[in-house]
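Each chain, letter by letter, is given below.
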Amino acid sequence: MKKAWQMPAVLAFCLLPLSVHLTLHKVQAQTTPAVAALPAIDFSHAGYEGGEGGGVQIPDVPAVLTVKPTGSDDTRLLQAALDHIANLPMQENGYRGALQLAEGKFLVGGQLRLTAGGVVLRGSGERKTTIVATGKNRRSLIEAGNNQAPKLDTAIKVTDDVVPVGGHTLSLENVEGLKVGDQIVITRPSTKEWISDLGMDTLKGVFPDLRFHWTPGSRNLMWDRTITAVNAAAKKITIDAPLTTALAHKYGVGTVAKVAAEAPLLHIGLENLVLESDFDRNNNKDEEHAWFAIALDNVQDAWVRSVTARHFVSSSVRVGPRARRVTVVDCQNEQPISEIGGYRRHSFLVEGQQVLVQNCTADSGVNDFAIGFTAAGPNVFLNCTATNALGASGSYESWASGVLYENVQVEGADLRLTYDLDRVQAGGWTAANSVIWNCEAKEIVAIGPPQAPVVIITSSAPLYRNQLQKRLGKQAFAEIIIQSAKDAGTVAATAQEFVPKDIPPAPPVASKKKLALQLINGRFVIGDKALWGGAVNDAWWLGQTSPNNALDAGRSIVRFVPGRVGPGLTENLPALAASVAAQGTPFYQSGPAIWYDRRRDDHSIIERPDGNVWAAFYELPWARSGKGKAWDGLSKYDVSTYNSWYFERMQEFARLCDKQGIVLYHHLYNNHNLLETASHWIDFPWRPANNINNTDLPEPPPLEPRDRVHVANQFYDASNPKLRALHKAYISHVLDELGKYDNIIFGLSFQYSGPVAFQKFFQQTVAEWEQKNNRKVKLVLDTSKNVTDAILSDPELAKQVAVIDMRYWHYLPDGSLWAPEGGRNLAFREMHPKEFGDPTTPEQVYRQVREYHNKYPDKAIVAWHSGAGPIPTLMAGGAQVLMRNPTAGHGQGRTVDSHPLDKFVQQHLADKLMYMQPQDGILANAEKNWVLADEAQNTILLSSLPGQEMTLSQKLPKKNFTGLWFNPETGNTHSAELPKSLKKGTTIQKPTAEHWLLLIKKQEEQL
């Protein structure tokens, strides 16, 4: 073991009676001053405090219920027992009681949740109770804490110019409504000024603003604290634990807000357990199983004691950002099963505050004692050992402040609190105001940002223990003994055994009628309403792990950020589906991402030397094999087997789409992988260097000038027996997994520019599956005009097509056709870059859609807006207008794809639109004036491009009509005064000479 390079300096600390040696490790370009002050942080505030304002002994909570394993899945039994205790009254000691598990093995195919305070889960004997996470689901076996983060009252500004590191007192604009005992949240904003001073917006490279730069608001620090004193006259409050980064007015105004609701749960314990994850015994890099043993968040005064975790992918214990005053003691992480790479094997991961990890051991980890993203601190790793370490312990994301590593030994790897842009994207300054005290590792690297030093110290005196003794006094300190859980704990005399018959019946689930998609006269219809509106396009590259700016990269069904759930992270799929439906965007487009690892966002074509992959991860349909090394540093793929997590996610979202009335497009391939820059191909699972299969594809990549590659026609070669078998198996698997859902439409690949032969092969494979499974599925043609026309000219193939997507051809303003051909082994934008996406006129869009709607009236026509807006497509009989370009691959997280027309159609036409068809001869100047009407002409929609009036070319029926004007620019409507007679030659005056729509309905119908 190698200690840090030392530079002696005699420093006097009132806390320490002995002199210490301050040692600063040499680092690359940046250096900390030779002599730096120890951060003025009392680290003894880390750990369980019991809500009594100081360190207290972890209690031994009597068991009030016992459970024995059944030999089959025990998920419902254990959860029901925990819920039973959660409903017991709180005792004077602040606990409801413990659930004592008998010796033996409990099988849990789901997840156990502790969702009430005052509950302890304990095993029996000397860790003779084992809970096994069975199945393939990526999850935490046990989660504890409130389901939601705290809800806050109005924020109050901090008025101090500076609140220093270690500060306990804050001056506020006002202290009205604040009192001793209130729980508050202190927020330090991450402003542009602060980020610029740190140099975290000046980095160079490919897409540095998307990969390296910190954005304002992305790294706000949040401390959960309790008020211990209020000075109303001075408008000051005192808090119970120190701040770990200074509040400086020049870097933005800090705030204090009282917790109004959803306060963290108090007093939760887990102890004396062995937790194991099942896994594929033939693959020691399997990741399709539980990732975390225990996850704590939105809790306070909690503990994990005497727990052994085995075979989990990531962590035995993960302490989330809103977990506070937590002790993890005498725990082990053993035999992890995962890839050797980024975000794996973080044996003990702390993202919270006032967390103590003590006397814990870990083996074969990548970051065994990890301090995470903006961990607010103070946090302490004390007397911990990592053996056979495969990667450095320490900070790895941005700005964990106030962390102490004391007497931590890392055998075989480094201990690092430093500036780092390699381990994760946008890491930068990973630690601040932190201390490495009496630690040993292969190498110790410490470098802190300006004014927030990270120091290495060797001393004959302990730090955490002496600070604790100073704060509590010798007598109180003598009583604070952090002990292991007793072999069996105590059992209350009234404790009863909880058995399967005690499980309460599940409450009835209100069944929601499935809203199955139909195509009626070329319109999408669900229930009795025609769909109209915008779309959400899955992101397929870019992403962030910071919750505050993750949404900037858009939504994705299969993007994975381990341990983080929320918009732009690992999506909560029910919340995503509800959002899509509520915002009036009834279409969702999904498909595989372009690469898994965000390091490849640099568009390089180098082979990665290690598996330090960057999140957010875009999971792909194909499974890793656990063998060899792909170019991203993880194991190679097996493209004949499939990623179960990917398809579980797709299944869940497809089911939600059926319930919410959303149309889900799902494309099987991403054509982008095969064309243009070689970086699109370099990590692709089907590239021979990245899989264990014999695909007969070229290797090395057939590089062209400027590192271009064009392998689409080789990839889409169904005449190659090996490729044909692999493609057929994959297509069939997708249908096996997703073909049972009603609202899903399958496509080969959006922006598919491959040969017509493969489109035919795809559809023939689908037809075989349909016949075998006695079920029809809906297909979309989303390709070139020549491939589209070839398919539609074949009656059998045409019958399979439900949707014609015309985005890749259009008429130019002069009436000529822009239609790049498929099968040329080029992307669309490579064939005609000048015209790609160029705007055209409303008249030409109407012409394009009308041609295909007339020819194929039973099929839904989808068109690119081409700068003309959505009205031409609507009036020509189209079913959907694409207003956002999905080829961007990201974005659309904070903006909604909406147009004023959407709300108008949804409110006034949804029940009639599927019966309304384009009708000619009703208005003069038919090139600029269009009509939609039902057969009986009870509902008529007139569209008039610029001009002051519309003239009828034929009479309308003699009915009592009412009219409604709609302005497509503003979305405003107002009633229309119609002429008394709507006979041929009648002129209808428009409100202005701009584009207007006029909706005419029989008077008894509501507008």
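Residues numbered from 1 in each chain as written. Predicted model: local features only at pLDDT ≥ 70, side-chain atom pairs only at ≥ 80, totals over all residues. Heavy atoms only, no water.

In this section: the overall build of the protein chain. Scanning the protein chain from terminus to terminus reveals 17 helices and 68 strands. If one aligns the C-alpha atoms of the protein chain with their principal axes, the spans along those axes are about 100 × 70 × 65 Å. Here the protein chain holds 1007 residues, and 62% of them are scored as buried. A total accessible area of about 37,100 Å² is found for the protein chain, and carbon and sulfur atoms account for 50% of it. For the protein chain, the separation between the mean place of its 101 positive charges and that of its 104 negative charges on side chains is 2 Å. (Helix = DSSP H or I, 4+ residues; strand = E, 2+ residues; numbered from the N terminus. Buried < 20%, exposed > 50% of the residue type's maximum accessible area, 1.4 Å probe, protein only. Areas by Shrake-Rupley, 256 points an atom, 1.4 Å probe, with all protein chains shown as cover. Lys, Arg positive; Asp, Glu negative; His and termini not counted. Charge placed at Lys NZ, Arg CZ, Asp CG, Glu CD.)

This brings us to the sheet that holds strand 28 (residues 369-371). Spatially, the nine strands line up as an open sheet ordered 6-9-20-22-25-28-31-35-41, and their pairing is parallel. Both outer strands of the open sheet, strand 6 (112-114) and strand 41 (444-446), are each paired with one neighbouring strand and no more. With direction set aside, neighbouring strand axes in the sheet form an average angle of 10°. With four bridges joining them, strand 20 (residues 292-296) and strand 22 (residues 315-319) adopt parallel strand pairing. Its bridge partner lying in strand 22, Ile-294 is registered against Val-317. (Pairing = 2+ DSSP bridges. Axes fitted to C-alpha atoms, helices over the stretch in contact; angles between N-to-C directions.)

A few words on unusual backbone geometry. Here the amide bond leading from Ala-615 into Ala-616 is cis, since omega sits at 5°, within 30 degrees of zero. Within the fold, Ala-616 resides in the loop between strand 49 (587-590) and strand 50 (617-618). Between Glu-699 and Pro-700 the backbone carries a cis peptide bond, its omega angle lying at 5°. Of note, Pro-700 is situated in the loop between helix 8 (679-682) and helix 9 (712-715). For Lys-235, which is not a glycine, the phi torsion comes out positive at approximately 55°. If you trace the backbone, Lys-235 turns up in the loop between strand 15 (221-231) and strand 16 (236-239). Relative accessible area serves as the criterion here: at 40%, Lys-235 is assigned to the partly exposed category. With a phi close to 45°, Thr-374 is a non-glycine residue in the positive phi region. Tracing the sequence through the fold places Thr-374 in the loop between strand 28 and strand 29 (379-382).

Time to look at the nonpolar core. Inside soluble globular proteins, nonpolar side chains tend to come together where they are buried. Trp-622 and Tyr-669 are the most contacted members of the largest nonpolar core, which has 85 residues in total. Among the elements that take part in this core, helix 7 (residues 644-660) stands out by supplying eight residues, more than any other. When near neighbours in sequence (up to four residues on either side) are disregarded, Tyr-669 contacts Pro-592, Trp-622, Phe-715, Tyr-716, His-727, Tyr-730, Ile-731, Leu-748, Ser-749 and Phe-758. (Core = buried A, V, L, I, M, F, W, Y, C linked by side-chain atoms within 4.5 Å. Contact = heavy atoms within 4.5 Å.)

Time to look at the packing of helix 7 against helix 10 (residues 721-738). Between helix 7 and helix 10, whose axes approach to 9 Å, the crossing angle comes to 45°. Considering their axes alone, helix 7 and helix 10 lie oblique with respect to each other. Across the interface between the two elements, Phe-647, Met-650 and Gln-651 of helix 7 pack against Tyr-730, His-733, Val-734, Glu-737 and Leu-738 of helix 10. Taken together, the residues of the contact of helix 7 with helix 10 break down into five nonpolar, two polar and one charged. (Parallel < 35°, antiparallel > 145°, perpendicular 65-115°, else oblique. Nonpolar A, V, L, I, M, F, W, Y, C, P; charged D, E, K, R; others polar.)

So, on to the packing of helix 6 (residues 573-582) against helix 7. Where helix 6 meets helix 7, the axes come as close as 10 Å, and the angle between the chain directions of the two elements is 35°. Judged by the twist between their axes, the crossing of helix 6 over helix 7 is right-handed. Packed against helix 6, whose contacting residues are Leu-573, Pro-574, Leu-576, Ala-577, Ala-578 and Ala-581, the element helix 7 presents Arg-649, Glu-652, Phe-653, Leu-656 and Gln-660 at the interface. Class assignment of the residues belonging to the contact of helix 6 with helix 7 gives a composition of eight nonpolar, one polar and two charged. (Left-handed = near helix turned anticlockwise from the far one by under 90°.)

The tally for this structure, following the rule as stated, stands at 46 salt bridges. The partner of Asp-552 in a salt bridge is Arg-894, with the nearest N and O atoms 2.5 Å apart. Here Arg-894 lies in the loop between strand 60 (880-882) and helix 17 (900-908) and Asp-552 lies in the loop between strand 47 (535-537) and strand 48 (559-560), a separation of 342 residues in the sequence. Where Arg-850 meets Asp-920, a salt bridge forms, and the shortest distance between an N and an O atom there is 2.9 Å. Pair noted here: Arg-850 is in helix 15 (residues 842-855) and Asp-920 is in the loop between strand 61 (917-918) and strand 62 (929-933), with a separation of 70 residues, a long-range link. Arg-850 sits in the buried class, given a relative accessible area of 11%. One network of salt bridges, in which partners are shared, links Glu-49, Asp-240, Asp-301, Arg-324 and Arg-325. (Salt bridge = Lys/Arg side-chain N within 4 Å of Asp/Glu carboxyl O.)

What follows concerns the confidence of the model for the protein chain. For the protein chain, per-residue confidence averages 93 on the pLDDT scale, and residues scoring 70 or more make up 94% of the total. Counting contacts from residues 1-35, a segment whose pLDDT is below 50, to residues more than four positions away or on other chains yields 90 contacts. (pLDDT = per-residue confidence, 0-100.)

One open sheet accounts for eight strands, arranged 47-49-53-54-55-56-59-60; its pairing is parallel. Whereas interior strands pair on both sides, the edge strands pair on one side only; in this sheet they are strand 47 and strand 60. Ignoring strand direction, the axes of neighbouring strands in this sheet form an average angle of 25°. Bridging between strand 56 (residues 801-805) and strand 59 (residues 860-864) involves three bridges; their strand directions are parallel. Opposite Val-803, over in strand 59, you have Ala-860 as the bridge partner.

Let's shift gears to the side chain of Ser-679. Mapping Ser-679 onto the fold places it in helix 8. On the basis of relative accessible area, Ser-679 is assigned to the buried category, the value being 0%. Look past the residues within four positions of Ser-679 in its chain and what remains in contact with it is Trp-595, Arg-600, His-603, Ser-604 and Ile-605.

The next subject is helix 1 (residues 75-86). Its 12 residues place the ends of helix 1 16 Å apart at the C-alpha level, agreeing with the 16 Å of an ideal helix rising 1.5 Å per residue. With nine of 12 residues buried, helix 1 is to be regarded as a mostly interior element. Residues of helix 1 that are buried: Thr-75, Leu-77, Leu-78, Gln-79, Ala-80, Ala-81, Leu-82, Ile-85 and Ala-86. (Expected span 1.5 Å × (residues − 1).)

Looking only at helix 4 (residues 464-472), the buried set comprises Tyr-464, Asn-466, Gln-467 and Leu-468. Positive phi shows up at Gly-473, right after helix 4, with a value of about 90°.

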